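Close look at the chain arrangement
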Amino acid sequence: MSKVPADLEYTKTHEWVRALADGTFEIGITNHAQHSLGDLVFVEVPEAGRTVKAGEPCAVVESVKAASDVYAPIAGEVAAGNPRLVSEPETVNADPYGAGWLMRLRPAPGAAAAALLSPADYQKLLHAEGD
Amino acid sequence: MGRKTPLFELHRELGARIVDFSGWDMPVQYSSQIGEHHAVRRAAGVFDVSHMCVIDLKGARVRPLLQRLLANDVGKLLSAGKALYGCLLNEAGGIIDDLIVYFLSDSWFRAVVNAGTRDKDLVWIRRHAHEFGVEVLERTDLAMLAVQGPEARAKTAKLLSAAGADTALALERFSGREIDALFVARTGYTGEDGFEVMLPASEATRVWRELNSLGVASCGLGARDTLRLEAGMNLYGNDMDESTHPFESGLAWTVAMEPRGRPFIGREALAAIRSQGSPRKLVGLLLEDRGVLRGHQKVLIPGDGAGEITSGTFSPTLERSIAFARVPAAAADKVQVDIRGKLLNARVVQPPFVRLGKALVQLQ
């Protein structure tokens, strides 16, 4: 039943990816992910300049209950972490696809985004997981 | 599929997220864990604790039985209805379980033990009860609700007859009695005032709905855990177990070495530990840096030694992370905690962190 915006791409590990006009990709966690985690109380985002591989843990989101890794959907260099989440981690719960973005990545040359899921495929994944 | 309490269908209807807890399918939260936590600190909330095991002990020699089984002394219970918190120990002083026992009459005590330990507790208690000719009755016919928070007693009293309400509101802290066919006790696990109510399983859903209609929030085990940790209360299996003794678990206050003539199980082991001094202690930690303390994270003591967090969480009341940690007895006030390879600063503090809605630790 989770919201899955049609203009984004997704991963099997519940991140979303938005292509921005400047060539970077904005990344966050899906509505399903924030709902499953519950109230977020701490978010650690990567520093600008860090290089990440596709599939590498690059951020941590912690709810009252547990800590979870966030994985880089594509390889690249971190252009920015969302500074707002340092003091307002609950923004991810309130607006997971907007103000609650986690980081922006500048893709590595030739970085493959082939493994990303379309909104329809991500919706199927959620159905398969029983949401 | 785990065991289910009489309230399971209601939890589902109320939209709870269900998780396994010690083999039971229990509600961890209904809407927001932090919201449920604040409801208890500021107003009132109700928890289903029917997975805990109510055991009635009946017989002329029930008091001597409990004086043998418990490290705390039921000899302290002088008036009917009074309750006592204590530990069941093995011969080595290891903690089999922690429990509350109510003194109901000279031939009737009622114990409430943890869900995860109920089977081994029953075996242990029955083995010793036999010697004392005491009957052990598992009260699976009862449900138990914990109604907690500054408004909890007044709201619960509205479910009772006028005379029953007067009796309930006059209950002293840490005591309970039969009122209007319910067993009502002024006990809990949140650091707030409130009642724990034992009632026939068939009545539980109706009573829960009535509490909801009086403005008592449905609360899950998630909020129960953050509330008890803020209140400085141990969780069996996390903070102590059979491999740890009360002196290294923050539970020395529950061990009655006096009177000397009382031969409780584990006494000799505890006397030996006490004469040498326990090498470890359980302390409270307040994280000074940003992050969240969790169970099993390593605690580094400046100078020497290391310890481990036994329970850690984010405290919704303090808006900081807090924990219990087992550390060397000589540990200083400042420690570091290894969180994913980073060393963060934490301060040793005396629990409880929060009581009756008020922060009891200095945040600066």
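Everything numeric here is computed off the predicted structure, so don't read it as measured data.

About the criteria used
Residues numbered from 1 in each chain as written. Chains lettered and ligands numbered in written order. Predicted model: local features only at pLDDT ≥ 70, side-chain atom pairs only at ≥ 80, totals over all residues. Heavy atoms only, no water. Helix = DSSP H or I, 4+ residues; strand = E, 2+ residues; numbered from the N terminus. Rg over C-alpha atoms; globule rule 2.2 N^0.38 Å. Buried < 20%, exposed > 50% of the residue type's maximum accessible area, 1.4 Å probe, protein only. Contact = heavy atoms within 4.5 Å. Areas by Shrake-Rupley, 256 points an atom, 1.4 Å probe, with all protein chains shown as cover. Lys, Arg positive; Asp, Glu negative; His and termini not counted. Charge placed at Lys NZ, Arg CZ, Asp CG, Glu CD. Salt bridge = Lys/Arg side-chain N within 4 Å of Asp/Glu carboxyl O. Buried area = accessible area lost by both parts, 1.4 Å probe. Polar contact = N/O pair within 3.5 Å; in protein donor to acceptor, adjacent residues only side chain to side chain. Core = buried A, V, L, I, M, F, W, Y, C linked by side-chain atoms within 4.5 Å.

1. Here we look at the overall build of chain A
- Scanning chain A from N- to C-terminus turns up three helices and nine strands.
- Start at the N end of chain A and walk to the C end: the helices and strands fall as β-β-β-α-β-β-β-β-β-α-β-α.
- For chain A, the C-alpha radius of gyration of 14 Å lies close to 14 Å, the compact-globule estimate for 131 residues.
- Its C-alpha atoms give chain A principal-axis dimensions of about 35 × 35 × 25 Å.
- Per-residue burial over chain A gives 46% buried out of 131 residues.
- Within chain A, residue pairs in contact and separated by at least 24 positions form 59% of the contacts whose partners lie at least 6 positions apart.
- Entry remark: accessible area of chain A is about 6,000 Å², with carbon and sulfur atoms responsible for 55%.

2. What about the overall build of chain B?
- Per the secondary structure count, chain B includes nine helices and 21 strands.
- Its C-alpha radius of gyration of 20 Å places chain B within 12% of the 21 Å reference for a compact globule of 364 residues.
- Overall size of chain B, expressed as C-alpha extent along the three principal axes, is 60 × 50 × 40 Å.
- For chain B, the residues scored as buried account for 57% of the 364 residues in total.
- Considering only contacts in chain B between residues 6 or more positions apart, those separated by 24 or more positions represent 67%.
- Surface summary for chain B: the accessible area is close to 14,900 Å², and the carbon and sulfur share equals 52%.
- Here chain B contributes 45 positive and 43 negative side-chain charges, whose respective centroids are spaced 3 Å apart.

3. Let's talk about the pattern of salt bridges
Residues and elements named next belong to chain B.
- The final tally for this structure, using the stated rule, is 32 salt bridges over all chains.
- For Arg280, the salt bridge is made with Glu248, and the minimal N-O distance between the two is 3.0 Å. On the criterion of sequence distance, the pair formed by Arg280 in strand 14 (residues 280-287) and Glu248 in the loop between helix 8 (221-230) and helix 9 (267-276) is long-range, its members being 32 residues apart.

4. Here's the deal with the interface of chain A and chain B
- Between chain A and chain B, the residue contacts involve 16 residues of the former and 16 residues of the latter.
- Both sides together, the interface formed by chain A and chain B hides about 1,400 Å², and carbon and sulfur atoms give 45% of it.
- The interface formed by chain A and chain B holds three salt bridges in total.
- The residue Glu62(A) makes a salt bridge to Arg294(B) at a minimum N-O spacing of 2.8 Å.
- Where chain A meets chain B, there are 15 residue pairs in polar contact (both at pLDDT 80 or more).

5. Things to note about the environment of Arg42(B)
Residue and element names in this part refer to chain B.
- Mapping Arg42 onto the fold places it in helix 2 (residues 33-42).
- Residues Arg42 and Glu192, 150 residues apart in the sequence, show an inter-C-alpha distance of 9.4 Å.
- Dropping the residues within four chain positions of it, Arg42 is found in contact with Pro150 and Glu151.

6. Some details on the nonpolar core
- Grouped together as the largest cluster of nonpolar side chains are 33 residues, with contacts concentrated most on Phe47(B), Tyr102(B), Met198(B) and Leu270(B).
- Those elements that place two or more of their residues in this core are strand 5 (83-89), strand 6 (95-105), strand 9 (142-148), strand 11 (182-185), helix 8 and helix 9 of chain B.

7. What to know about the side chain of Asn72(B)
Residues and elements named next belong to chain B.
- Among the secondary structure elements, Asn72 is positioned in the loop between helix 3 (62-69) and strand 5.
- Of the polar contacts made by the side chain of Asn72, one reaches the side chain of Lys76; its length is 2.6 Å.
- Beyond its immediate stretch of four places on either side in the chain, Asn72 contacts Leu84, Tyr85, Gly86, Thr254, Ala256 and Arg262.

8. Structural notes on unusual backbone geometry
Residue and element names in this part refer to chain B.
- Of the consecutive residues Glu258 and Pro259, the connecting peptide bond is found in the cis state with omega at -5°.
- Inspection of the secondary structure assignment puts Pro259 in the loop between helix 8 and helix 9.
- Of note, the bond from Pro351 into Pro352 is cis; its omega dihedral lies within 30 degrees of zero at 0°.
- A positive phi angle is found at Asp180, which is not glycine, with a value near 50°.
- Despite not being glycine, Arg340 shows a phi value in the positive range, around 50°.
- Mapping Arg340 onto the fold places it in the loop between strand 18 (334-339) and strand 19 (342-349).

9. Brief notes about the environment of Leu286(B)
Residues and elements named next belong to chain B.
- Along the chain, Leu286 falls in strand 14.
- By relative accessible area, Leu286 is classed as buried at 0%.
- Measuring from C-alpha to C-alpha, the distance between Leu286 and Glu172 comes to 32 Å, with 114 residues separating the pair along the chain.
- Excluding its chain neighbours within four sequence positions, the residues that come into contact with Leu286 are Leu318, Arg320, Ser321, Ile322, Ala346, Arg347, Val349, Gln362 and Leu363.

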